Amino acid sequence: MRSGSRPIAAAEVTLLQAGDHPGAGARPLARTRSDAHGRFSLSYHAPDNPDAVLYLTADAGPAGYGHPRAAHRVRPVRLVAMLAASRRTGKVVLNERTTVAAGFAIAQFTRGGKVAGRSPGLQNAADVSHNLADITNGAAARTLATAPNGNQTSTLRAFNTLADILSGCTAEQTCGTLFDLAGRPGAPAPRETFQAVADIARLPGNHVAELFALADGRNIHRPRLTAAPDAWTLALRYVGNGHELDGPGNVAFDAKGTAWIGNNYEFNRDPRESVCGSRILSRLTPTGRDVPGAPYRGGGLYGVGFGTAIDPKGHVWAANYGFQGTGCPLDASRLYRSVSEFTADGRPLSPPQGWRQGDIVQPQGTVSDRQGNIWIANCGSRSVTRIPKGNPRRARNITPGDSLIKPFGVTVDTRGRAWVTGNGSDSVSLLPAGHTPALDHRRRDQTAHGRRLRQPGQRLGGQRRRGGRPL
């Protein structure tokens, strides 16, 4: 246990099992104290649940935080390391980097310094922390420290700067200021460093410059930022297996937290070469690795665009826009008229040519509503295809109105109404749950009189216009 290269002695080290639902208390499994060299050793009985999330805390510093009359006043320095599910024994280092990694990854699962949450979200978050910090040596993790992250983004520098900000408190110099700045409006200020990091992660735009100033004169963790960022966000780039993603479109997350991604093109390292449409559907774990068995093929996949969606049954829908470069052997006019359907484990349900019912043309935005109806924006026409309950044999084509040109994005609100944007127009069309055209929201110039008009059916200046009811 250390701050930079300085060992932290006499810290109270606790191994805890995180609570399995929000509000549940973390359960201590073992305790000890660090020696003069910052070293410690723990023995414990492993939980029966192999998916249990375990983490270490180390509390140090003078007991000076909390209510003055409280029986137990909190020690301000709390260093944390999340244990990997596959690694429950061996050497573990706790320092500022592991604490930043844990605080940012687990932010939504911690309150008052205690960790709890439901599966699989809590487990996924704990795993992601190991993409930020390596708990075996306290350094930045390989994922963060190397391409496509590393010096290609600002995340590594921001991560190290946050660690430097914490180091002022571990040196018992800036704790009070840190806690005041990290606190969220309307909420109690944090009383120790782990909760401070989690609060910063939950409100990354709060007191950015003032927090950055706490790192002045501290150059323990390098490389670091030379100026305050816009916000304290830590974004990681993932490339999967490194020879798969090419022109990734929309991303849909399933109940397990895995990401399904359609690709425009087949992979090629040379961006100057013409390529054909991708025939694969990628699926990444929350830590950015391929799910075993992925990527998936078949079902008519070809040149998927922005359309990737998951329905209530867990089936995945990918809209085949038909992206391809020059010199490809396939007839482009037959490529962009289908949507592909896969089971939750990646088995294609659609035929080799994809589902083609419903006059699909160059499909882009694709979404499922709560009833399992699939809505597809046909960018090659002026229509939307609706597949009731995910049954392609009942698919029908809907034309909202002439002012919708090249439908691109579609989403469904809580009332079952579909909102459709036009890539070639300045309009947003609304289709009610009954899937008949409703209102077409648009502004246009009336050049003869030099004024702006709204389409019939909208309110203007508080007056009801003829042609429909206001929203």
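Remember, predicted model here, so these are calculated numbers, not experimental data.

Analysis parameters
The residue numbering used here restarts from 1 in each chain and proceeds along that chain's sequence as written. Owing to the predicted nature of the model, reporting of local features is limited to residues with pLDDT of at least 70; listing and counting of side-chain atom pairs is limited to 80 or more, with chain, interface and lining totals taken over all residues. Only hydrogens and water are removed before side-chain values are computed, so all heavy atoms of the structure are retained for them. Each helix corresponds to a stretch of at least 4 residues labelled H or I by DSSP, and each strand to a stretch of at least 2 residues labelled E; elements are numbered beginning at the N terminus. Only protein chains enter the accessibility calculation, which uses a 1.4 Å probe; a residue whose area is less than 20% of its type maximum is buried, one above 50% is exposed, and one in between is partly exposed. Pairs of residues are marked as contacts when any of their non-hydrogen atoms sit within 4.5 Å. Areas reported as accessible are Shrake-Rupley estimates using a 1.4 Å probe. Residue values count occlusion only from the protein chains shown. Any two strands with at least two DSSP-identified bridges between them are counted as paired. Polar contact is defined as a pair of N or O atoms within 3.5 Å, subject to the rule that within protein one atom must be able to donate a hydrogen and the other to accept it, and that residues adjacent in sequence are counted only when both atoms are side-chain atoms. Among buried residues, those of type Ala, Val, Leu, Ile, Met, Phe, Trp, Tyr and Cys that are joined through side-chain atoms within 4.5 Å constitute a nonpolar core. Given the number of residues in a helix, its expected span is that number minus one, multiplied by 1.5 Å. By convention in these notes, a salt bridge is any Lys or Arg side-chain nitrogen within 4 Å of a carboxyl oxygen on Asp or Glu. Cysteine sulfur atoms are paired as a disulfide whenever they come within 2.5 Å of each other.

All right, on to the overall build of the chain then. Regarding its fold elements, the chain presents seven helices and 26 strands. The buried share among the 471 residues of the chain stands at 51%. For the chain, the proportion of contacts with a sequence separation of at least 24, taken over those separated by at least 6, is 51%. Here the chain displays about 22,400 Å² of accessible surface, and carbon together with sulfur accounts for 48% of that area.

With respect to the element layout, Asp-59 can be found in strand β5 (residues 54-60). Overall, Asp-59 belongs to the buried group, its relative accessible area being 11%.

This part takes up the pairing of β5. With seven of seven residues buried, β5 is to be regarded as a mostly interior element. The alternating pattern of β5 places Leu-54, Leu-56, Ala-58 and Ala-60 on one face and Tyr-55, Thr-57 and Asp-59 on the opposite face, and all of these are buried. In terms of strand pairing, strand β3 (residues 12-17) meets β5 through six bridges, oriented antiparallel. Looking at the pairing, Val-13 lines up with Ala-58 of β5. Pairing of β5 with strand β6 (residues 77-82), which is carried by six bridges, proceeds in the antiparallel orientation. Each bridged residue has a counterpart across the sheet, and for Tyr-55 the counterpart in β6 is Met-82.

To continue, consider the environment of Arg-356. Looking at the element boundaries, Arg-356 is found in the loop between β17 (338-342) and β18 (363-368). The partly exposed category is assigned to Arg-356, whose relative accessible area is 26%. When the C-alpha atoms of Arg-356 and Ser-340 are compared, they prove to be 9.1 Å apart, with 16 residues separating the residues in sequence. What Arg-356 contacts, discounting residues up to four positions off in sequence, is Arg-334, Arg-337 and Ser-338. A polar side-chain atom of Arg-356 sits 3.1 Å from the main-chain carbonyl oxygen of Gln-353.

With that out of the way, let us pick up the nonpolar core. The biggest cluster of nonpolar side chains holds 52 residues, and the ones touching the most others in it are Phe-104, Phe-159, Leu-178 and Trp-232. Sorting elements by how many residues they give to this core places helix α4 (residues 155-170) first, with eight residues. With sequence-adjacent residues up to four places away left out, Phe-104 is seen in contact with Leu-162, Val-197, Ile-200, Ala-201, Trp-232 and Leu-234. In this structure, Ala-102, Ala-105, Phe-109 and Leu-122 belong to the second largest nonpolar core, which totals 16 residues.

What follows deals with α4. With 16 residues, α4 extends 23 Å between its outermost C-alpha atoms, agreeing within 8% with the 22 Å of an ideal straight helix rising 1.5 Å per residue. Most of α4 sits inside the fold, with 15 of its 16 residues counted as buried. Where α4 terminates, the next one or two residues include Glu-172, which has phi positive at roughly 60°.

This brings us to the pattern of salt bridges. Applying the stated rule across the entire model yields nine salt bridges. In this structure, Asp-35 engages Arg-39 in a salt bridge whose closest nitrogen and oxygen atoms are separated by 3.6 Å. Note that Arg-283 is salt-bridged to Asp-254, the shortest N-O span being 3.3 Å. One end of the pair, Arg-283, is in strand β13 (residues 280-284); the other, Asp-254, is in the loop between β11 (248-253) and β12 (259-263), with 29 residues separating them in the sequence. Side by side, Arg-283 and Asp-254 carry an identical accessibility label, which is buried. Ionic contacts of the salt-bridge type, sharing partners, join the residues Arg-184, Asp-199 and Arg-202 into one network.

As a further point, take helix α1 (residues 96-105). Because an α-helix completes one turn every 3.6 residues, residues spaced three or four positions apart along the sequence face the same direction. Among the 10 residues that make up α1, 10 are buried, leaving the element largely enclosed by the rest of the structure. Three or more residues of α1 are buried, namely Glu-96, Arg-97, Thr-98, Thr-99, Val-100, Ala-101, Ala-102, Gly-103, Phe-104 and Ala-105. If you check the start of α1, you find a side-chain oxygen 3.1 Å away from the backbone N of Arg-97, and it comes from Asn-95.

Attention shifts here to the state of the cysteines. Taken as a whole and judged by the stated rule, the model has two disulfides. Sulfur-sulfur distance for the disulfide between Cys-169 and Cys-175 comes to 2.0 Å. Here Cys-169 and Cys-175 share a disulfide; its torsion about the S-S bond, 100°, makes the bridge right-handed. For the pair formed by Cys-169 and Cys-175, the shared burial category is buried. Between Cys-276 and Cys-328 runs a disulfide, and the two sulfur atoms are separated by 2.1 Å. Its torsion about the S-S bond being -115°, the disulfide of Cys-276 and Cys-328 is classed as left-handed. One end of the pair, Cys-276, is in the loop between β12 and β13; the other, Cys-328, is in the loop between β16 (316-320) and β17, with 52 residues separating them in the sequence.

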